[in-house]
Amino acid sequence: DIKEGLKTILEAIELVKRGVSIFIFPEGTRNKNESELELLEFHGGSFKIAQKAGCPIVPVAMNNTGEIWEKQFPKMKPCHVVVEFCEPIIMSELDKEDKKHIGEYTRNIIVETLKKNQELV
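Residues numbered from 1 in each chain as written. Predicted model: local features only at pLDDT ≥ 70, side-chain atom pairs only at ≥ 80, totals over all residues. Heavy atoms only, no water.

Engineer: How would you summarise the packing of helix α1 (residues 2-17) against helix α2 (residues 45-53) if you had to cite specific residues and measurements?
Structural biologist: Two elements in contact, α1 and α2, have axes whose closest approach is 9 Å; the angle formed by their N-to-C orientations is 40 degrees. Of the possible angle classes, the one that applies to α1 and α2 is oblique. Here α1 runs over α2; the crossing is right-handed. Residues Ile9, Ala12, Ile13, Val16 and Lys17 of α1 form the contact with α2, whose own contacting residues are Gly45, Lys48, Ile49, Lys52 and Ala53. Here the contact of α1 with α2 is built from residues that sort into six nonpolar, one polar and three charged. (Axes fitted to C-alpha atoms, helices over the stretch in contact; angles between N-to-C directions. Helix = DSSP H or I, 4+ residues; strand = E, 2+ residues; numbered from the N terminus. Parallel < 35°, antiparallel > 145°, perpendicular 65-115°, else oblique. Left-handed = near helix turned anticlockwise from the far one by under 90°. Contact = heavy atoms within 4.5 Å. Nonpolar A, V, L, I, M, F, W, Y, C, P; charged D, E, K, R; others polar.)

In structure tokens:
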């Protein structure tokens, strides 16, 4: 529902402006691809919040999360997961093209970080 989606984005913008941090998974669903490097396309609405609120975007890369749940569904199991918070993205510091494709720009940072951290799993 487009109207409800817009309402949610506007509410989130107001929360962020008041200092509330929001953690968003921009793929919009659990990724069941075989390789954790095969991220789904990022949804643009999640980036509108940061753009309109004027706050940084902090990409987060999480390696090996599929081992917790997806590979033995419906059971969960403990495993080693690597989480890295990447350098914040400041929208005002990006060039016009990167701003226009902020989802892909962020996605690329996460994929490169996932690749780098694969050896730690």
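Engineer: Describe in detail the packing of aromatic side chains, supporting the description with residues and values.
Structural biologist: Using the criterion set out here, one finds two aromatic pairs in the structure. With a centroid separation of 4.9 Å and an interplanar angle of 45 degrees, the aromatic rings of phenylalanine 23 and phenylalanine 25 are classed as tilted. Given a relative accessible area of 52%, phenylalanine 25 falls into the exposed group. Plain terms: the ring middles of phenylalanine 42 and phenylalanine 47 are 6.2 Å apart, the flat faces sit at 15 degrees to each other, and that makes the pair stacked. When sorted by exposure, phenylalanine 42 lands in the same class as phenylalanine 47, which is buried. (Phe/Tyr/Trp six-rings, centres within 6.5 Å; stacked < 30°, edge-to-face > 60°. Buried < 20%, exposed > 50% of the residue type's maximum accessible area, 1.4 Å probe, protein only.)

Engineer: Describe the nonpolar core, naming the residues involved and giving the relevant values.
Structural biologist: Core analysis: the biggest nonpolar cluster contains 13 residues, and Leu39, Ile57, Ile102 and Ile110 have the highest contact counts within it. When residues in this core are grouped by element, the largest group, four residues, is from helix α4 (residues 102-117). Not counting the four nearest positions on each side in its chain, isoleucine 102 is found in contact with Phe47, Gln51, Ile57, Ile89, Met91 and Leu94. Membership of the second largest hydrophobic core comes to five residues, among which are Ala12, Val16, Ile49 and Ala53. (Core = buried A, V, L, I, M, F, W, Y, C linked by side-chain atoms within 4.5 Å.)

Engineer: Please set out α4 residue by residue, giving values where relevant.
Structural biologist: Its 16 residues place the ends of α4 23 Å apart at the C-alpha level, agreeing with the 22 Å of an ideal helix rising 1.5 Å per residue. The inward-facing, buried residues of α4 abut α2, β1 (60-63), β2 (82-85) and α3 (96-100). (Expected span 1.5 Å × (residues − 1).)

Engineer: Which residues make up the environment of alanine 12, and what are the values?
Structural biologist: Note on placement: alanine 12 falls in helix α1. Relative accessible area serves as the criterion here: at 10%, alanine 12 is assigned to the buried category. On a C-alpha basis, the gap between alanine 12 and lysine 115 in space is 31 Å, while along the polypeptide they are 103 residues apart. Those residues in contact with alanine 12 that sit more than four places away from it in its chain are Ile22 and Ile49.

Engineer: Residue-level account of α1, with values.
Structural biologist: Each α-helix turn comprises 3.6 residues. Residues three or four places apart therefore point the same way. When the terminal C-alpha atoms of α1 are compared, their 23 Å separation across 16 residues agrees well with the 22 Å that a helix rising 1.5 Å per residue should span. Ala12, Ile13 and Val16 are the residues of α1 that are buried. Across the axial projection of α1, the buried residues extend over an arc of 105 degrees, all falling on one side. Buried residues along α1 sit in contact with α2. A positive phi of about 100 degrees marks glycine 19, the residue just after α1. (Arc of directions from axis to C-beta.)

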